[in-house]
Amino acid sequence: MITSPSVADLTAEVDKRGFAVRPGFLDAARCAALREHARRLVDGEHALHYPKSTRVWDLYRHGEEFVDLLEDPGLVAVLDGLLGENHLLSDYSLNVVRPGQPVDGWHIDYPLNEMPRRVSGSTLGLQCVLALDAFTLGNGGTQLVPGSHLREERPDPEAELDHVVFEAEPGTLLVMAASTWHRSGFNSSGSPRSAVLMSFVERWVRPMTDPPEAGPWGRNDALRVRLGMQRPPETINGVLIQ
């Protein structure tokens, strides 16, 4: 039986190593349904094919099950713990790495990757990787450099670095600080490897993508705030501004 780490354990692990793993974030049935939906999307009109992967952007537009992920209580609790309340969705996509596609270079994620000078003392952004297929060494599971989120310099994309590999069963969630050095490995298997990528930023950081128009994805205040469609209630010295 898999014992899931607590929210406190997950946030502490991200603070310490730059990433944490939550096994069983999705049960087998829910993960299988999401994976089947993802495979239809990646073969459809919304898929964009890049040299290193295939992407489908703005997943909240492609089914209620993707909107449901944004409201998962365990995920929201971890995000609140690391980014503070009223954090924002920065990017939400399906990512598929096909067999034989080129290895990614070492990098950090938004917003750290766009800062001329790195800042410290705040997480700023998180990347959440939800495995829809098994992640293994053979199919290019995400590689991470533990503790690199505390470094001020940027990684050399082509460097040989000591790293660990995110190897996990489908339905596992990887929560990673945007400043953690990482890359996808080489998929030497005969099958594609798919994942849902959910990127979030602190409430004052401008997301990578613009807020969407009104739609079914904004079905409550919490989602509209998370998607940047409305601002949270503002206060002055703890008193709500009417």
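Residues numbered from 1 in each chain as written. Predicted model: local features only at pLDDT ≥ 70, side-chain atom pairs only at ≥ 80, totals over all residues. Heavy atoms only, no water.

Participant: Describe the overall build of the protein chain, naming the residues involved and giving the relevant values.
Facilitator: Across its full length, the protein chain carries five helices and twelve strands. Compactness check: the protein chain gives a C-alpha radius of gyration of 18 Å against a globular reference of 18 Å for 242 residues, within 12% of the reference. Oriented by its inertia axes, the alpha-carbon framework of the protein chain measures out at about 60 × 40 × 40 Å. The 242 residues of the protein chain split such that 48% are buried. Of the contacts formed within the protein chain by residues at least 6 apart in sequence, a portion of 81% connects residues at least 24 apart. As displayed, the protein chain offers around 12,000 Å² of accessible surface, 52% of which is attributable to carbon and sulfur atoms. The average position of the 23 basic charges and that of the 33 acidic charges among the side chains of the protein chain differ by 1 Å. (Helix = DSSP H or I, 4+ residues; strand = E, 2+ residues; numbered from the N terminus. Rg over C-alpha atoms; globule rule 2.2 N^0.38 Å. Buried < 20%, exposed > 50% of the residue type's maximum accessible area, 1.4 Å probe, protein only. Contact = heavy atoms within 4.5 Å. Areas by Shrake-Rupley, 256 points an atom, 1.4 Å probe, with all protein chains shown as cover. Lys, Arg positive; Asp, Glu negative; His and termini not counted. Charge placed at Lys NZ, Arg CZ, Asp CG, Glu CD.)

Participant: Which residues make up the sheet that holds strand S5 (residues 125-131), and what values do they have?
Facilitator: The antiparallel open sheet is built from seven strands, whose spatial order is S1-S8-S5-S10-S4-S3-S2. Bordering the open sheet on either side are strand S1 (19-22) and strand S2 (48-49), each of which pairs with just one other strand. As judged from the nine bridges shared by strand S4 (residues 88-97) and strand S10 (residues 193-201), these two strands associate in the antiparallel manner. Within the sheet, the bridge partner assigned to aspartate 91 lies in S10 and is serine 199. Its contacts with the sheet put helix H1 (residues 7-17) on S1, S5 and strand S8 (173-177), and the angle it makes with S1 is roughly 150°. Of the strands in this sheet, S2, strand S3 (54-57), S4 and S5 are in contact with helix H2 (residues 28-42), which crosses S4 at around 80°. (Pairing = 2+ DSSP bridges. Axes fitted to C-alpha atoms, helices over the stretch in contact; angles between N-to-C directions.)

Participant: Can you tell me about the packing of H1 against helix H4 (residues 73-83), naming the residues and giving the values?
Facilitator: Between H1 and H4, the shortest axis-to-axis distance is 9 Å and the interhelical angle comes to 45°. As far as their axial angle goes, H4 and H1 are oblique. H4 is crossed by H1, and the crossing has right-handed handedness. Residues Val7, Leu10, Thr11, Val14 and Asp15 of H1 touch H4, and the partners they reach there are Gly74, Ala77, Val78, Gly81 and Leu82. (Parallel < 35°, antiparallel > 145°, perpendicular 65-115°, else oblique. Left-handed = near helix turned anticlockwise from the far one by under 90°.)

Participant: With reference to specific residues and values, describe the packing of aromatic side chains.
Facilitator: Applying the stated criterion across every chain, the model contains four aromatic pairs. Consider the rings of tyrosine 50 and tryptophan 57, whose centres lie 6.5 Å apart with planes at 75°: the pair is edge-to-face. Accessibility expressed as a relative area gives 30% for tryptophan 57, which makes it partly exposed. Positioned above the aromatic ring of tryptophan 217, the side-chain terminus of arginine 61 is 5.0 Å from the ring centre. (Phe/Tyr/Trp six-rings, centres within 6.5 Å; stacked < 30°, edge-to-face > 60°. Lys NZ or Arg CZ within 6 Å of the ring centre and 35° of its normal.)

Participant: Go over H4, please, and point to the residues and values.
Facilitator: Within H4, burial applies to Leu75, Val76, Val78, Leu79, Leu82 and Leu83. Buried residues of H4 fall within an arc of 160° about the axis and therefore sit on the same side. Turned more than 90 degrees away from the buried face of H4, the exposed residues are Pro73 and Gly81. Of the surrounding secondary structure, the elements contacted by the buried residues of H4 are H1, helix H3 (64-70), S5, S8, S10 and helix H5 (221-226). Residue aspartate 72 occupies the N-cap position of H4, its side-chain oxygen lying 3.0 Å from the main-chain nitrogen of glycine 74. Residue glycine 84 follows H4 closely and has a positive phi angle near 90°. (Arc of directions from axis to C-beta. Polar contact = N/O pair within 3.5 Å; in protein donor to acceptor, adjacent residues only side chain to side chain.)

Participant: Which residues make up the pattern of salt bridges, and what values go with them?
Facilitator: This model, assessed by the stated rule, comprises twelve salt bridges. Between glutamate 13 and arginine 17 there is a salt bridge, and its shortest N-O distance comes to 3.7 Å. Separated by four residues within a single helix, glutamate 13 and arginine 17 lie in helix H1, roughly one turn from each other. The partly exposed category is assigned to glutamate 13, whose relative accessible area is 28%. Connected through salt bridges with shared partners, the residues Arg35, Arg39 and Asp133 form a single ionic network. (Salt bridge = Lys/Arg side-chain N within 4 Å of Asp/Glu carboxyl O.)

Participant: Could you give an account of the side chain of glutamine 101, naming the residues involved and the relevant values?
Facilitator: Assignment of secondary structure puts glutamine 101 in the loop between S4 and S5. Given the relative accessible area of 12%, glutamine 101 is considered buried. A polar contact is formed between the side chain of glutamine 101 and the backbone nitrogen of arginine 98, at a distance of 2.8 Å. Not counting chain neighbours up to four residues away, the residues in contact with glutamine 101 comprise Tyr50, Pro51, Lys52, Ser53, Val96 and Phe186.

Participant: So what about the pairing of S8? Which residues, and what values?
Facilitator: The buried count for S8 comes to five of five residues, which makes it a mostly enclosed element. Taking every second residue as pointing to the same face, both faces of S8 are buried, with Leu173, Val175 and Ala177 on one and Leu174 and Met176 on the other. Of the strand pairs in this sheet, S1 and S8 are connected by four bridges, and their pairing is antiparallel. Within the sheet, the bridge partner assigned to alanine 20 lies in S8 and is valine 175. Direction of pairing for S5 relative to S8: antiparallel, over a ladder of five bridges. Among the inter-strand pairings, valine 129 is bridged to a residue of S8, identified as leucine 174.

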